[in-house]
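Next come the chains, spelled out residue by residue.
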Amino acid sequence: MKVATYSAKKIVGILALAICVWPLAFAAYADRIAFLVPSQIIYPGETIGGSGLQEKYFTIRASAAGQYVMSSQQLVGKVARRTLLPGQPILVSALNEPDLVERGVPVALVYSTGTLVITAKGTPMEAGHAGDFIKVRNMDSGIIVSGTVLADGSIQVGMQ
């Protein structure tokens, strides 16, 4: 059995080759994909408009690209959940739908069952967008009830 002996110079050469080849092995699995990025800082709670956005190419695996905003339809009109930095791709999870009801701003409360529909005024205890389940104070009775925010900005109570 023959034992291989390597000098330090030879080992350094092998490591240098490995370092040069290593990135190429993974680059084959990545694509250059265009994402929309902000051109200025967008702070949490800000509604995103069509201006102030630019397209920038990034090298990323195609399977991971779906986590990021790629078109203006995914972005315009949404609200930032966290600070969005200029030149950085935007995660879809960093966006929210705009709130339909705001805390403290009166809204219509709707209770309906069959043909019976009862409406009242209420004050939301928290903000919410369509589909959110929030607490609301009935302005007439002072009782706090829970309900679902509807697409028209009213709140469906009861029958939860």
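Residues numbered from 1 in each chain as written. Predicted model: local features only at pLDDT ≥ 70, side-chain atom pairs only at ≥ 80, totals over all residues. Heavy atoms only, no water.

Participant: How do you make sense of the overall build of the chain when you look at a structure like this?
Facilitator: Secondary structure summary: the chain contains one helix and nine strands in total. Starting at the N terminus and ending at the C terminus, the chain contains elements arranged as α-β-β-β-β-β-β-β-β-β. Within the chain, buried positions represent 26% of all 160 residues. Counting contacts in the chain only where the partners sit at least 6 residues apart, residues at least 24 apart contribute 46% of the total. Within the structure as shown, the chain displays about 10700 Å² of accessible surface, and the carbon and sulfur contribution to it stands at 59%. (Helix = DSSP H or I, 4+ residues; strand = E, 2+ residues; numbered from the N terminus. Buried < 20%, exposed > 50% of the residue type's maximum accessible area, 1.4 Å probe, protein only. Contact = heavy atoms within 4.5 Å. Areas by Shrake-Rupley, 256 points an atom, 1.4 Å probe, with all protein chains shown as cover.)

Participant: Mind showing me how you'd approach the sheet that holds strand 6 (residues 116-124) here?
Facilitator: Sheets are built from strands paired through backbone hydrogen bonds, the pairs being either parallel or antiparallel. In space, the five strands of this closed barrel follow the order 5-6-7-8-9, with mixed pairing throughout. Each neighbouring strand pair of the sheet contributes to a mean axis angle of 50 degrees, computed without reference to strand direction. In terms of strand pairing, strand 7 (residues 133-138) meets strand 8 (residues 144-149) through five bridges, oriented antiparallel. Following the sheet pairing, Phe133 is matched in strand 8 by Thr148. (Pairing = 2+ DSSP bridges. Axes fitted to C-alpha atoms, helices over the stretch in contact; angles between N-to-C directions.)

Participant: Hey, could you run me through the nonpolar core in this one?
Facilitator: In summary, soluble globular proteins display a tendency toward joint burial of nonpolar side chains. If you look at the biggest cluster of nonpolar residues, it comprises 11 residues: Leu36, Ile42, Ile48, Leu53, Val69, Leu75, Ala80, Leu84, Ile90, Ala94 and Leu95. Ignoring any residue separated from it by four or fewer positions in sequence, one finds Ile48 in contact with Ile42, Leu53, Leu75, Val76, Gly77, Lys78, Ala80, Leu84 and Leu95. (Core = buried A, V, L, I, M, F, W, Y, C linked by side-chain atoms within 4.5 Å.)

Participant: Would you take a moment to explain the packing of aromatic side chains for this structure?
Facilitator: The relative placement of two aromatic rings is captured by the distance of their centres and the angle of their planes. Inspection of every chain in the model, using the stated rule, returns two aromatic pairs. When the ring of Phe35 is compared with that of Phe58, the centres are 5.9 Å apart and the planes differ by 45 degrees; the resulting orientation is tilted. Highlighted residues: Phe35 in strand 1 (residues 31-38) and Phe58 in strand 2 (residues 53-60), separated in sequence by 23 residues. For the pair shown, Phe35 and Phe58 are each scored as buried. The interplanar angle of 55 degrees and the centroid separation of 5.4 Å between the aromatic rings of Phe35 and Tyr68 together place this pair among those described as tilted. In this pair, Phe35 sits in strand 1 while Tyr68 sits in the loop between strand 2 and strand 3 (79-80), placing the two residues 33 residues apart along the sequence. For Phe35, a relative accessible area of 2% translates into the label buried. (Phe/Tyr/Trp six-rings, centres within 6.5 Å; stacked < 30°, edge-to-face > 60°.)

Participant: Whenever I open this one, the pattern of salt bridges confuses me. Can you help?
Facilitator: Opposite charge on two side chains lets them pair, provided their charged atoms get close. Applying the stated criterion across every chain yields a total of one salt bridge. Across the pair Glu97 and Lys78 runs a salt bridge whose closest N-O atoms are separated by 2.4 Å. Taken together, the residues Glu97 in the loop between strand 4 (95-96) and strand 5 (107-113) and Lys78 in the loop between strand 2 and strand 3 connect sequence positions 19 residues apart. A relative accessible area of 41% means that Glu97 is categorised as partly exposed. (Salt bridge = Lys/Arg side-chain N within 4 Å of Asp/Glu carboxyl O.)

Participant: Looking at this structure, I do not really get the confidence of the model for the chain. What am I missing?
Facilitator: Reading fine detail from the predicted coordinates is not recommended where pLDDT is low. Across the chain, pLDDT averages 84, with 81% of residues at or above 70. Mean pLDDT values over the elements of the chain span from 57, in helix 1 (residues 8-27), up to 95, in strand 7. (pLDDT = per-residue confidence, 0-100.)

Participant: Would you explain the side chain of Asn138 in this entry?
Facilitator: Mapped onto the fold, Asn138 is located in strand 7. Look at Asn138 and you get buried, because its relative accessible area is 17%. Setting aside residues no more than four positions away along its own chain, Asn138 makes contact with Leu109, Ala120, Lys121, Gly122 and Ile143.

Participant: Looking at this structure, I do not really get the environment of Gly142. What am I missing?
Facilitator: Along the polypeptide, Gly142 turns up in the loop between strand 7 and strand 8. Note on Gly142: relative accessible area 32%, which makes it partly exposed. Taking the C-alpha atoms as reference, Gly142 lies 8.9 Å from Gly122; in sequence the two are 20 residues apart.

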